[in-house]
Amino acid sequence: MSELDIRSNRKWPMPKQAVPGAPLLEVEDLSVRFAMRNGSVKAVDGVSFRLNDGEALGIAGESGCGKTTTALSLVRLLPANGRIRSGSVKLFGIDLVPKTEKQLARYRWREISMVFQGAMNALNPVQRVGDQIAEPIEVRLGASRAASQKRAAELLDLVGIPKQRAMAYPHQLSGGMRQRAMIAMALACDPAIVIGDEPTTALDVMVQAQILQLLEQLRRDLGLSLILITHDLSVIAETCDRVMVMYAGRVAEEGPARRVFTAPRHPYTRKLLLAFPNIHADRRTLDVIPGQPPDLRNPPPGCRFAPRCAEAMDVCREVVPPEVRFADGVRVACHLFPVSDAVAGEVPA
Amino acid sequence: MSAATTDPAGVNGPAGPAPVVIHRQRFRGLRESLGRFSTRTDGLVGLGILLVFAVLAIAPALFVGPLETVVTATGGVLEPPSMAHVFGTDEMGRDMLNLTVHGARISMIIGLLATVITVAVGALVGIVAGYSGGRLDNALMRVTDFFLVLPTFVLAIILAPILLDIIGPEAELFGIRATLLVIVLVIGLTSWATTARVIRSQVLSIKERMFVDRARVIGSGSGRIMRVHILPNVVNLIIAQAVLTFAFAVFVETTLAFIGLGDPFAPSWGQVLNAAQSAGAPGLGAWWYIVPPAACVVLVVLAFTLLGNALDDILNPKSGSRR
């Protein structure tokens, strides 16, 4: 489906304040801080990205690099001590950051919904699955109980669970079915964007493949846009159009998944890909990245990856690398690529 | 399931998935729970005992005639059980069976009312304090702490005469004498705090679970979250507290009556035990004066415990295997 089709096929009218022609989601210079007893943690620092209609964006990076925080701050579901310090999150050109909780509620779930990490924890253990899926329909859309139950049954059908299982309690479903139920819940209000926070973690490989296939199929059929947060690069390679590699709260490299995976530019991306098993290469051992991510209460002044980077230069330890955009759509924040390269549009093989 | 009976002779055709009617399934869930309950011997025994006492409490006169007084007493002084008086008589010649059966009403009413007050207030305060946190939690917990350290009996001794003076000892509310209401009030006042504390601590852990966050993003308000997501998760605690409170309430009522703070015109089991003690029944070997009311207290508390256990298992979808 093209962008125009997706917008004209929407179940709900566009938000009134929507700017015509604005991209679906545009995040600019987003910074999130967590207030701690001994200082504040800059969990996300100047992250920008863009998501088009029907596109799937994968956010990759190791634990604690700010991928989940970035996604949670889109719907402002941060822990109590987390605050968006600066930047903008524009949905259809509407900036969500200055909105109050009440104003934001209109966009939550109806425009941006989530598939939470760990379905068992995100489901109420003593409520029937059907009732839980019906909850957003009842609460958000004000549908009657019977109507929302009916819709919940349809949604279960859509994600491949027999309707009769609506009566089951979460513990009576398998891990894969629970995850499917979470996806059904995310789709309840026909959102434009679904954020998947590690949707396949803790599932075995077969089920993982099924869930990814389901997401892919739903994206095609319903014209969804996906933001997939994962540390499993194979998941992104399989499902995403674009990939954003984050390190210590900043974007290291972002671009079309195909380009980034075949020709990684940032040393961190390269290391990350080398740390991943590759059936085509004859390697017995995997590369490891020495050291640990920096303490985000007190990050290194220059490039945050510099202390662990084999190619670090003096400038890396002092100056924050600017983002450089290449002709193939990839942008990289690394001093190995001076700004002049971008203009030349040099594309490595 | 009776798919065949709802579709006589296969009018809709034998093939194809059965149409799903959510409402019918809803009742199926209820039926399932009832079915599970019917397999629980302990629950049925508890329910049976309580039903017997409930019937006795509702219409005691139907079984043993009106409450006997000194004037209408039918037997001799402290007669042991005989055909005429199955449970014997007390020191004034009143039939013990008559007294015990009439005592059921008072003891059950006090136990139930005190339990309802305690559990309702305790659960409400516990859930609201635990879920809201912050200042409201602090304020509610300081109040709770105050009631937590109030000694039941001291409060009862002070409150009973004051309240009686205010509302008058002859006043009645829904046919319950004021003295009894004071006892209910005192038990409720002194025991809701424990329930509130226990439930709050559980709510503190439940509200950190992800499904509560999820409900919040979905758009459920605090009220709905507390009602739909928190309350069902603490129901087992509430039932356990209710059982404990009922036992406690019956004991407290018995004790209050025993030390003379009961209502002399309302023969609760505690009141009868008090009379037995002051008549010197233990010394005289008049066991029939003590055993019937005491056995009733034990039976009712036991029945509540059995029923509570069974309900806990059935209402908690996780415990026990379904089907």
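Quick notes on the rules
Residues numbered from 1 in each chain as written. Chains lettered and ligands numbered in written order. Predicted model: local features only at pLDDT ≥ 70, side-chain atom pairs only at ≥ 80, totals over all residues. Helix = DSSP H or I, 4+ residues; strand = E, 2+ residues; numbered from the N terminus. Buried ≥ 20, exposed ≤ 12 C-beta atoms within 10 Å, placed from the backbone. Contact = placed C-beta atoms within 7 Å. Rg over C-alpha atoms; globule rule 2.2 N^0.38 Å. Pairing = 2+ DSSP bridges. Axes fitted to C-alpha atoms, helices over the stretch in contact; angles between N-to-C directions. Nonpolar A, V, L, I, M, F, W, Y, C, P; charged D, E, K, R; others polar. Parallel < 35°, antiparallel > 145°, perpendicular 65-115°, else oblique. Left-handed = near helix turned anticlockwise from the far one by under 90°. Core = buried A, V, L, I, M, F, W, Y, C linked by C-beta atoms within 7 Å.

S.K.: Summarise the overall build of chain B; cite the residues concerned and give the values.
M.R.: The number of helices and strands found in chain B is 13 helices and two strands. In chain B, which comprises 323 residues, the share counted as buried stands at 39%. A separation of at least 24 residues holds for 68% of the contacts in chain B among residues at least 6 apart in sequence.

S.K.: Any details on the overall build of chain A? Residues and values, ideally.
M.R.: The number of helices and strands found in chain A is 12 helices and 12 strands. Scaling as 2.2 N^0.38, a compact globule of 349 residues should have a C-alpha radius of gyration of about 20 Å, and chain A matches this with 21 Å. Summarising its shape, the C-alpha atoms of chain A cover approximately 65 × 50 × 45 Å along the three principal directions. Looking at chain A residue by residue over its 349 residues, the buried ones come to 44%. Within chain A, counting contacts between residues at least 6 apart in sequence, those at least 24 apart form 62% of the total.

S.K.: An account of the pairing of strand 10 (residues 250–256) of chain A is needed here, citing residue identities and associated values.
M.R.: All names here are of chain A. Of all seven residues making up strand 10, six are buried, and the element is well covered by its neighbours. Pairing analysis gives six bridges linking strand 9 (residues 242–247) to strand 10, with the strands arranged antiparallel. Within strand 10, the position partnered with Tyr247 by the bridge is Arg250. Counting the residues that bridge the hairpin from strand 9 to strand 10 gives two residues, and of these Ala248 lies at a positive phi of roughly 50 degrees. Relative to strand 12 (residues 331–333), strand 10 runs antiparallel, the two being bridged by two bridges. Looking at strand 12, one finds that Glu253 is bridged to Val332.

S.K.: Tell me about the sheet that holds strand 2 (residues 39–51) of chain A, and please be specific about residues and values.
M.R.: Residue and element names in this part refer to chain A. Spatially, 2-1-4-5 is the arrangement adopted by the four strands of the open sheet, whose pairing is antiparallel. Two strands close off the open sheet at either side, each with one partner strand: strand 2 and strand 5 (94–95). The sheet contacts of helix 2 (residues 67–74) involve strand 1 (25–36), strand 2 and strand 4 (82–91), and relative to strand 2 the element is tilted by about 70 degrees.

S.K.: Before we move on, could you go through the interface of chain A and chain B and cite the residues and values that matter?
M.R.: Every contact between the two is made by 27 residues of chain A and, on the other side, 20 residues of chain B. Looking at the side of chain A that touches chain B, the elements that each hand over two or more residues are helix 4 (119–122), helix 5 (129–141) and helix 6 (145–158) of chain A. Residues of the side of chain A that touches chain B, tallied by class, amount to 16 nonpolar, seven polar and four charged.

S.K.: How would you sum up the sheet that holds strand 3 (residues 56–60) of chain A? Please name residues and give values.
M.R.: Residue and element names in this part refer to chain A. Taken together, the eight strands give an open sheet; going across it, the order is 6-7-8-3-9-10-12-11, and neighbouring strands pair in mixed fashion. At either end of the open sheet lies a strand with only one pairing partner, and these are strand 6 (112–115) and strand 11 (323–325). Adjacent strand axes in the sheet meet at a mean angle of 20 degrees when their direction is disregarded. Each of strand 6 and strand 7 (193–197) is contacted by helix 7 (residues 175–186), which is oriented at about 175 degrees to strand 6, the strand it contacts most.

S.K.: Summarise helix 9 (residues 210–218) of chain B; cite the residues concerned and give the values.
M.R.: Regarding helix 9 of chain B, the residues found buried are Phe211(B), Val212(B), Arg214(B), Ala215(B), Val217(B) and Ile218(B). In the core, the buried residues of helix 9 of chain B are packed alongside strand 6, helix 4 and helix 5 of chain A together with helix 8 (178–206) and helix 10 (222–258) of chain B. Gly219(B) sits one or two positions beyond helix 9 of chain B and adopts a positive phi of about 120 degrees.

S.K.: Go over the packing of helix 5 of chain A against helix 6 of chain A, please, and point to the residues and values.
M.R.: Residues and elements named next belong to chain A. It is the contact of helix 5 with helix 6, at a shortest axis distance of 8 Å, that shows an interaxial angle of 120 degrees. Compared by their axis directions, helix 5 and helix 6 come out oblique. For the pair helix 5 and helix 6, the crossing hand works out as right-handed. Across the interface between the two elements, Gly130, Ile133, Ala134, Ile137 and Glu138 from helix 5 touch Arg145, Ser148, Gln149, Arg151, Ala152, Ala153, Leu155 and Leu156 from helix 6. Taken together, the residues that form the contact of helix 5 with helix 6 break down as seven nonpolar, three polar and three charged.

S.K.: Break down the environment of Phe337(A) for me, citing the residues and quoting the values.
M.R.: All names here are of chain A. Position of Phe337 relative to the elements: it lies in the loop between strand 12 and helix 12 (339–344). For the pair Phe337 and Ala188, spaced 149 residues apart in sequence, the C-alpha to C-alpha distance is 44 Å. When near neighbours in sequence (up to four residues on either side) are disregarded, Phe337 contacts Arg265, Val324 and Val332.

S.K.: Give a description of the nonpolar core that names residues and reports values.
M.R.: Membership of the largest hydrophobic core comes to 171 residues, with the highest contact counts inside it found for Ile133(A), Ala181(A) and Ile227(A). With residues up to four places along the chain from it excluded, the contact list for Ile133(A) reads Ala152(A), Leu155(A), Leu156(A), Ala181(A), Ala184(A), Met185(A) and Ala188(A).

S.K.: Could you give an account of the pairing of strand 4 of chain A, with specific residues and numbers?
M.R.: Residue and element names in this part refer to chain A. Strand direction decides the pairing type here: strand 1 and strand 4, joined by eight bridges, are antiparallel. For Leu25, the partnering residue across the bridge sits in strand 4 and is Leu91. Sheet topology places strand 4 next to strand 5; two bridges connect them, and they run antiparallel. Bridge assignment links Leu91 to a residue of strand 5, and that residue is Ile94. Adjacent in sequence and paired antiparallel, strand 4 and strand 5 are bridged by two residues, among which Phe92 carries a positive phi angle near 50 degrees.

S.K.: Give a detailed account of the environment of Gln132(A), specifying residues and quantitative values.
M.R.: Residues and elements named next belong to chain A. Turning to its location among the elements, Gln132 is positioned in helix 5. Gln132 sits in the buried class, given 27 other C-beta atoms within 10 Å. If sequence neighbours within four positions are ignored, Gln132 has contacts with Leu123, Asn124, Gln127 and Met185.

S.K.: Give me the lowdown on the packing of helix 7 of chain A against helix 8 (residues 205–222) of chain A, citing residues and values where you can.
M.R.: All names here are of chain A. Two elements in contact, helix 7 and helix 8, have axes whose closest approach is 10 Å; the angle formed by their N-to-C orientations is 20 degrees. In this view, helix 7 runs roughly parallel relative to helix 8, as classed from their interaxial angle. Regarding helix 7 and helix 8, the two cross each other, and that crossing is right-handed. Of the residues in helix 8, those touching helix 7 at Gly175, Gly176, Gln179, Arg180 and Ile183 are Val207, Gln210, Ile211 and Leu214. Residues belonging to the contact of helix 7 with helix 8 are distributed by class as follows: four nonpolar, four polar and one charged.

S.K.: I'd like a rundown of unusual backbone geometry, residues and numbers included.
M.R.: Residue and element names in this part refer to chain A. At Phe92, a residue that is not glycine, the phi angle is positive and equals roughly 50 degrees. With respect to the helices and strands, Phe92 occurs in the loop between strand 4 and strand 5. Phi is positive for Glu198, which is not a glycine, with a value near 45 degrees. Residue placement: Glu198 occurs in the loop between strand 7 and helix 8.

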